[in-house]
Amino acid sequence: MNYKSYTLQKLNKSGKFNKIIDVCSGLLHNEIATDQLNYLNSRFSTESIQKEYQFGYFPSFKNFDHIKEHKETLRDLKLFFEQTWGDLNPFNSIAGTCFFEQHNLIFPIKDDFGNVVGLSGRTILSEFEQKNLKIDRYKNSFFVKGEILFGLHLAKEAIATSGKVILVEGQFDAILCHSKGFYNVVSLAGPRLSDYQFYLLRKYAGSQ
């Protein structure tokens, strides 16, 4: 695949993610997302921050009707897995699983140019419930973690101006720092700093 084809494919995928993000952002203020919105308000009460990071509510399958018109896009992005019965399904009903079944509070993961490369979901279940269900606090759709520094598309100007960057562990940590006015902060998408991520930091911070 040449660079032009790769870029067009990347932009097309980003556009599909944005369609889903728009729907989920609207659902965040629906009554089905009351618990998720209350949790978000407890962490980031400023509406401008919530909008800037495009938080949303991704329905579990029991609430799939709220997003079913985008079923094909969800399948393309591997965010919905459908189960059918073929001829044994006279009522043309569907069954399936949503990728963020237990991680309904979602936000986009973007590259340094602001293109959406994936989604991250946060569960609001208690640690006890997470342990019983054997799930982690966060769940990410597929993207190459070693190519992404979360928040870099918003932080790169401050990094270039100051020549300094602060690396934090979690995505919410980076958002909190930005909300307090510290914009030269990014977080790792994985457990270690890759060569490419180091290149990105040098690219915007220079040699300082």
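Residues take numbers from 1 onward in each chain, read along the sequence in its written order. Local features are withheld for residues below a pLDDT of 70 in this predicted model, meaning they are given only at 70 or higher, and side-chain atom pairs are given and counted only at 80 or more; totals for whole chains, interfaces and linings count all residues. In computing side-chain values, all of the structure's heavy atoms are included and hydrogens and water are not.

Notes on the pattern of salt bridges
Put simply, the test is: The salt bridge definition used is simple: a Lys or Arg side-chain nitrogen within 4 Å of an Asp or Glu carboxyl oxygen. Three labels apply to residues, based on accessible area from a 1.4 Å probe with only protein chains included: buried if under 20% of the type maximum, exposed if over 50%, partly exposed otherwise in between.
Under the counting rule described, the total for this entry stands at nine salt bridges. Here E82 ties to R75 by a salt bridge, and the two come within 2.8 Å at their closest N and O atoms. We classify E82 as partly exposed; its relative accessible area is 24%. Each of the salt bridges in this network shares a partner with another, and the network as a whole consists of K71, E72, R75 and E82.

Things to note about the packing of aromatic side chains
For clarity, the cut-off: Classification of ring pairs uses Phe, Tyr and Trp, with its six-membered ring standing for Trp, and accepts pairs whose centres are within 6.5 Å; under 30 degrees between planes counts as stacked, over 60 as edge-to-face, and the remaining range as tilted. Helix numbering and strand numbering both begin at the N terminus, where a helix is a DSSP run of H or I of at least 4 residues and a strand a DSSP run of E of at least 2. Distance and angle both matter: a charge sits over a ring if NZ of Lys or CZ of Arg is within 6 Å of the ring centre and within 35 degrees of the ring normal.
Going through the model one piece at a time under the given rule, you end up with 14 aromatic pairs. Pairing Y138 with F172 gives two aromatic rings, centres 5.8 Å apart and planes at 75°, and the pair type is edge-to-face. Within this pair, whereas Y138 is found in strand β6 (residues 138–140), its partner F172 is found in helix α7 (residues 171–179), the two being separated by 34 residues in sequence. Ring pairs connect the aromatic residues F44, Y53, F55, F107, Y138, F150 and F172, which therefore count as one cluster. Stacked on the ring of Y138, the Lys or Arg R122 has its end atom at 5.8 Å from the ring centre. Over the ring of F99 we find K139, and its NZ or CZ is 4.3 Å from the ring centre.

Some details on helix α2 (residues 34–43)
Rule in force here: Think of the arc as the fan of directions from the helix axis to the C-beta atoms. Contacts were defined at the residue level, with two residues in contact if any of their heavy atoms lie within 4.5 Å.
Every buried residue belonging to α2 is among Q36, L37, Y39 and L40, and all of these are buried. Seen from one end, α2 has its buried residues packed into an arc of 160°, which puts them on one side. Opposite the packed face of α2, turned more than 90 degrees from it, sit the exposed residues D35 and S42. Buried residues in α2 make contact with α3 (47–52), β1 (56–57), β4 (105–110), β5 (116–122) and α7.

Remarks on unusual backbone geometry
Residues other than glycine seldom take positive phi values, yet K78 does so here, at roughly 60°. Locating K78 in the fold gives a position in the loop between α4 (71–76) and β2 (80–83). The backbone phi angle of K134 is positive, close to 60°, even though this residue is not glycine. Mapped onto the fold, K134 is located in the loop between α5 (127–133) and β6.

Structural notes on the nonpolar core
Note the threshold: Remark: nonpolar core denotes a set of buried residues (Ala, Val, Leu, Ile, Met, Phe, Trp, Tyr, Cys) joined through side-chain atoms within 4.5 Å.
Counting 42 residues, the largest nonpolar core has F55, F58, L74, L79, F172 and I175 as its most contacted members. Elements with a minimum of two residues in this core: α1 (3–27), α2, β4, β5 and α7. Per-element accounting of this core gives the leading share, six residues, to α1. Not counting the four nearest positions on each side in its chain, L79 is found in contact with F17, F58, L74, T97, C98, F99, F100, L119 and S141. By size, the runner-up hydrophobic cluster in this structure holds 10 residues, among which are A155, L188, Y204 and A205.

Brief notes about the packing of helix α6 (residues 152–162) against helix α8 (residues 195–205)
Defined as follows: Under this scheme, a helix contributes an axis fitted over its contacting stretch, all axes are lines through C-alpha atoms, and angles between N-to-C directions fall in the 0 to 180 degree range. What sets the label is the angle itself: under 35 degrees gives roughly parallel, over 145 gives roughly antiparallel, 65 to 115 gives roughly perpendicular, and the rest give oblique.
For the pair α6 and α8, the least separation of the axes is 8 Å and the interaxial angle reads 45°. With respect to each other, α6 and α8 are oriented oblique. Across the interface between the two elements, L152, K156, I159 and A160 from α6 touch L200, Y204 and A205 from α8.

Focus on the pairing of β4
What counts, and what does not: A pair of strands is treated as paired once DSSP finds two or more bridges between them.
With six of six residues buried, β4 is to be regarded as a mostly interior element. Two strands pair when backbone bridges link them, and β1 and β4 are joined in this way by two bridges, in the antiparallel orientation. Looking across to β4, one finds that Y57 is bridged to L105. Connecting β4 to the antiparallel partner β5 that follows it, the hairpin turn spans five residues, and G114 within it adopts a positive phi of roughly 90°.

Topic: the sheet that holds β5
If you walk across this open sheet you meet the four strands as β1-β4-β5-β6, and the pairing is antiparallel. Edge positions in the open sheet fall to β1 and β6, since each of these has one partner strand only. Relative to β6, β5 runs antiparallel, the two sharing three bridges. When the bridges of β6 are listed, G121 appears paired with K139.

Purely geometric numbers; function is a separate question.
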